[in-house]
Amino acid sequence: MPAPQLLIAVHGWLLSRQVWSPFAECWSEKHPEIELWCPDLPGFGDAERPRGMLPNLQAYGRWLAEEAVHRSQGRPFVLLGHSLGGSVVLHAEAHLRQREQPGLTGVVLLAAGGGIYQPRPFRRLRSFGRLILELRPDALGRLPPPVGELGPFKAERRAARGLLVNSTSRGAVRDLPGLVSELGVASLWISGDRDQVMEPGYVRHLAAYSPGHDYQQIEGCGHLPMRQKPEVLRRMLISWVERQSLASPRS
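Please read all numbers here as calculations on a predicted model, not as lab measurements.

Colleague: It is not clear to me how the sheet that holds strand β5 (residues 186–192) should be interpreted in this structure. Could you clarify?
Modeller: Note: strands within a sheet are paired through backbone hydrogen bonds, in either parallel or antiparallel orientation. Pairing in this open sheet of six strands is parallel, and the strands run β2-β1-β3-β4-β5-β6 from one edge to the other. Looking at the sheet topology across the chains shown, the edges are occupied by β2 (35–37) and β6 (214–218). Across this sheet, the average inter-strand angle for adjacent strands is 20°, counted without regard to direction. Sheet topology places strand β1 (residues 6–10) next to β2; three bridges connect them, and they run parallel. Within β2, the position partnered with I8 by the bridge is W37.

Colleague: Explanation requested: the nonpolar core in the structure shown.
Modeller: Side chains of a nonpolar character, in soluble globular proteins, are inclined to be buried together. Ranked by internal contacts, the top residues of the largest apolar core, which has 45 residues, are I8, F44, Y60, L64, F77, L79 and V107. For this core, the secondary-structure elements that each account for two or more residues are β1, α2 (57–72), β3 (77–82), α3 (84–98), β4 (104–110), α6 (157–167), α7 (170–181) and α8 (200–207). Listed in part, the 27 residues of the second largest apolar core include W20, V108, L188 and I238.

Colleague: Help me understand unusual backbone geometry, please; the structure alone is not making it clear to me.
Modeller: Most peptide bonds adopt trans geometry, and most residues besides glycine take a negative phi value. Of note, the phi angle at E100 is positive, near 55°, even though the residue is not glycine. Locating E100 in the fold gives a position in the loop between α3 and β4. On the accessibility criterion, E100 (72% relative accessible area) is exposed. A positive phi angle, close to 55°, is found at A111, a residue other than glycine. Within the fold, A111 resides in the loop between β4 and α4 (119–135). Overall, A111 belongs to the buried group, its relative accessible area being 1%.

Colleague: In this structure, what is going on with the packing of α2 against α3? I would like to understand it.
Modeller: Working note: a packed helix pair is described by the angle between its axes plus the distance between those axes. Their axes nearest at 7 Å, the elements α2 and α3 cross at an angle of 65°. Accordingly, the angle class assigned to the pair α2 and α3 is roughly perpendicular. For α2 against α3, the interelement crossing comes out right-handed. Residue-level inspection shows L57, Q58, Y60, G61, R62, L64, A65, E66 and V69 of α2 in contact with α3, the latter providing L84, S87, V88, V89, H91, A92, H95 and L96. Among the residues forming the contact of α2 with α3, the class breakdown is ten nonpolar, five polar and two charged.

Colleague: For this particular structure, what's the right way to read the pattern of salt bridges?
Modeller: For side chains of opposite charge, pairing can occur when their charged atoms come near one another. With the rule as written, the count across this model stands at ten salt bridges. With its nearest N and O atoms 2.6 Å apart, the salt bridge here joins R71 to E35. Of the two residues, R71 is situated in helix α2 and E35 in strand β2; the sequence distance between them amounts to 36 residues. Between R75 and E35 there is a salt bridge; the shortest N-O distance is 2.8 Å. In this pair, R75 is assigned in the loop between α2 and β3 and E35 in strand β2, connecting sequence segments 40 residues apart. Several salt bridges share partner residues, and in doing so they unite K30, E231, R234 and R235 into one network.

Colleague: What should I look at first to understand the packing of aromatic side chains in this one?
Modeller: The way to describe two aromatic rings as a pair is by their centre distance and the angle between their planes. In this structure the tally under the stated criterion is two aromatic pairs. A ring pair is formed by F23 and W27, whose centres lie 5.7 Å apart and whose planes are at 35°; its orientation type is tilted. Placement of both F23 and W27 in helix α1 (residues 21–30) is noted, with a separation of four residues, approximately one turn of the helix. Its relative accessible area of 2% is what places W27 among the buried residues. Among the aromatic residues, ring-to-ring pairing joins W20, F23 and W27 into one connected group.

Colleague: Explain the side chain of N166 here, please?
Modeller: Mapped onto the fold, N166 is located in helix α6. Setting aside residues up to four positions removed in sequence, N166 forms contacts with P55, N56, L57, Q58 and A172.

Colleague: Looking at this structure, I do not really get the pairing of β4. What am I missing?
Modeller: Consecutive side chains along a regular strand alternate between the two faces of the sheet. A large share of β4 lies buried, amounting to seven of its seven residues. Across six bridges, β3 lies against β4 in parallel orientation. Bridged to L79 within β4 is V107. Pairing between β4 and β5: five bridges, direction parallel. Its bridge partner lying in β5, V108 is registered against L188.

The rules we used
Residues numbered from 1 in each chain as written. Predicted model: local features only at pLDDT ≥ 70, side-chain atom pairs only at ≥ 80, totals over all residues. Heavy atoms only, no water. Pairing = 2+ DSSP bridges. Helix = DSSP H or I, 4+ residues; strand = E, 2+ residues; numbered from the N terminus. Axes fitted to C-alpha atoms, helices over the stretch in contact; angles between N-to-C directions. Core = buried A, V, L, I, M, F, W, Y, C linked by side-chain atoms within 4.5 Å. Buried < 20%, exposed > 50% of the residue type's maximum accessible area, 1.4 Å probe, protein only. Parallel < 35°, antiparallel > 145°, perpendicular 65-115°, else oblique. Left-handed = near helix turned anticlockwise from the far one by under 90°. Contact = heavy atoms within 4.5 Å. Nonpolar A, V, L, I, M, F, W, Y, C, P; charged D, E, K, R; others polar. Salt bridge = Lys/Arg side-chain N within 4 Å of Asp/Glu carboxyl O. Phe/Tyr/Trp six-rings, centres within 6.5 Å; stacked < 30°, edge-to-face > 60°.

Here you go:
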């Protein structure tokens, strides 16, 4: 793939661009030639959700694809998605591919997996998510830093609830393997060996649908590698980018 000049990092559910701060600091210092852009998803952080934009993965994928094309201004770019942001990235890749829009050279899925519908766990997850939305900011305010800095106080209720329900629906979960199998660019999948939110086995399961994918695991790391192991994550990403740039173009 051509060497990217832009890396777009997409946060996960109920978070904001602030979650990338430690990673952004070391990335910008070591790789000024590759711009890092960490947008707030609509309805999260400081970004308002446009009127008429539905809170589902397809709409958010379309938004990301359009914003990426606008931001890149013709430069090659890579999409990096964390957790739910990984699903948004997969939908964005499909949007760009189906419209034959150039620019995207690779996708990185960080702590993002699944593709297996589990009714009971997903019901519990939706109930827990709704409870979090109902209790904030009082309950979250009692949690130690850096939780309050990562975005949960600012997430719009309808956007947060809609994306949670949509992403854990039977249809959305079963769409993931198809999206991965049809990827038109190189993919890197990364998980933390201590991640209890998205266990490594689920990441490997979904990654396996993509022929020729790369999978790497960060030791001693949970669900937030960009905060817990930012330098390790940086090295993994730049090493993969360099290897892909030297490889023959994909047919």
